[in-house]
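Inside the fold
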Amino acid sequence: MKKVFLLMVALATTATFAQTATKRTSEFNLDKKVAIQGYDPVAYFKQNKPTKGKKELSASYEGVIYYFSTQANKDAFAKNPASFEPQYGGWCAFAMGDYNEKVEVNPETFKILDGKLYLFYNAYFNNTLKSWNKNEASLKKKADANWKKRIN
């Protein structure tokens, strides 16, 4: 009986993970399943700058693949992946807050706020980080609510 129960728990956990991974990969900003256009998520925090990762230094977290510029960054990610992931699936934080849209980002336009990584659209004379900074508290609150609706 105990073995049957453990098997059922294992199958339920696997099914839940598969659903979570599928939902995440459908909502995240990915290029061939790779997040942040191949930029190293840990470098934003540790080096305080965007740094391209390397395909040979990759790791997957709940269906999303990340590239890293160093083995040390990959190891740091492995210890606590959720703390390094970009907010809102890597979509533009301003757009998620202002009009609940998934808008591409420039991985070199970012902000670390309360220990979290936010990415922004920045092209054609439109840097949304500047707009975000003007009304950050309100936009963040709206973006958090909008993203939560998308992934639940």
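To start, this report covers the structure provided alongside it.

Rules of the game
- Residues numbered from 1 in each chain as written.
- Predicted model: local features only at pLDDT ≥ 70, side-chain atom pairs only at ≥ 80, totals over all residues.
- Heavy atoms only, no water.
- Pairing = 2+ DSSP bridges.
- Helix = DSSP H or I, 4+ residues; strand = E, 2+ residues; numbered from the N terminus.
- Phe/Tyr/Trp six-rings, centres within 6.5 Å; stacked < 30°, edge-to-face > 60°.
- Buried < 20%, exposed > 50% of the residue type's maximum accessible area, 1.4 Å probe, protein only.
- Core = buried A, V, L, I, M, F, W, Y, C linked by side-chain atoms within 4.5 Å.
- Contact = heavy atoms within 4.5 Å.

1. Let's talk about the pairing of strand S5 (residues 106–113)
- By the bridge criterion, five bridges tie S5 to strand S6 (residues 116–120) in an arrangement that is antiparallel. For Asn-106, the partnering residue across the bridge sits in S6 and is Phe-120.
- A loop of two residues connects S5 with S6, the two strands running antiparallel in sequence, and Asp-114 in this loop sits at a positive phi of about 50°.

2. Topic: the packing of aromatic side chains
- All chains considered together, the criterion is met by 11 aromatic pairs.
- Note on Tyr-66 and Phe-77: the rings are 5.0 Å apart at their centroids and 50° apart in plane angle, and the pair reads as tilted. Separated by 11 residues along the polypeptide, Tyr-66 in strand S4 (residues 64–68) and Phe-77 in helix H3 (residues 71–79) bring together distant segments of the chain.
- Accessibility expressed as a relative area gives 0% for Tyr-66, which makes it buried.
- Three or more aromatic residues link up through ring pairs in this structure, and these residues are Phe-45, Tyr-61, Tyr-66, Phe-68, Phe-77 and Phe-84.

3. Description of the nonpolar core
- Among the nonpolar cores identified, the biggest contains 33 residues, and Ile-36, Tyr-66, Tyr-88, Phe-120 and Trp-132 are the most heavily contacted of them.
- If sequence neighbours within four positions are ignored, Tyr-88 has contacts with Ala-93, Met-96, Tyr-118, Trp-132, Lys-140, Ala-143, Asp-144 and Trp-147.

4. Looking at unusual backbone geometry
- Phi at Lys-32 is positive, roughly 60°, even though this residue is not glycine.
- Mapped onto the fold, Lys-32 is located in the loop between strand S1 (30–31) and strand S2 (34–35).
- On the basis of relative accessible area, Lys-32 is assigned to the exposed category, the value being 75%.
- Even without being a glycine, Gln-37 presents a positive backbone phi close to 55°.
- Mapped onto the elements of the fold, Gln-37 is located in the loop between S2 and helix H2 (41–46).
- Among the residues examined, Gln-37 registers a relative accessible area of 36% and is labelled partly exposed.

5. Topic: the environment of Thr-22
- Relative to the elements of secondary structure, Thr-22 occurs in helix H1 (residues 2–27).
- Between the C-alpha atoms of Thr-22 and Val-64, which are 42 residues apart in sequence, the distance is 9.4 Å.

6. Some details on the side chain of Asn-73
- In this structure, Asn-73 sits in helix H3.
- The class of Asn-73 is buried, set by a relative accessible area of 4%.

By themselves, these are just geometric observations and shouldn't be taken as functional.
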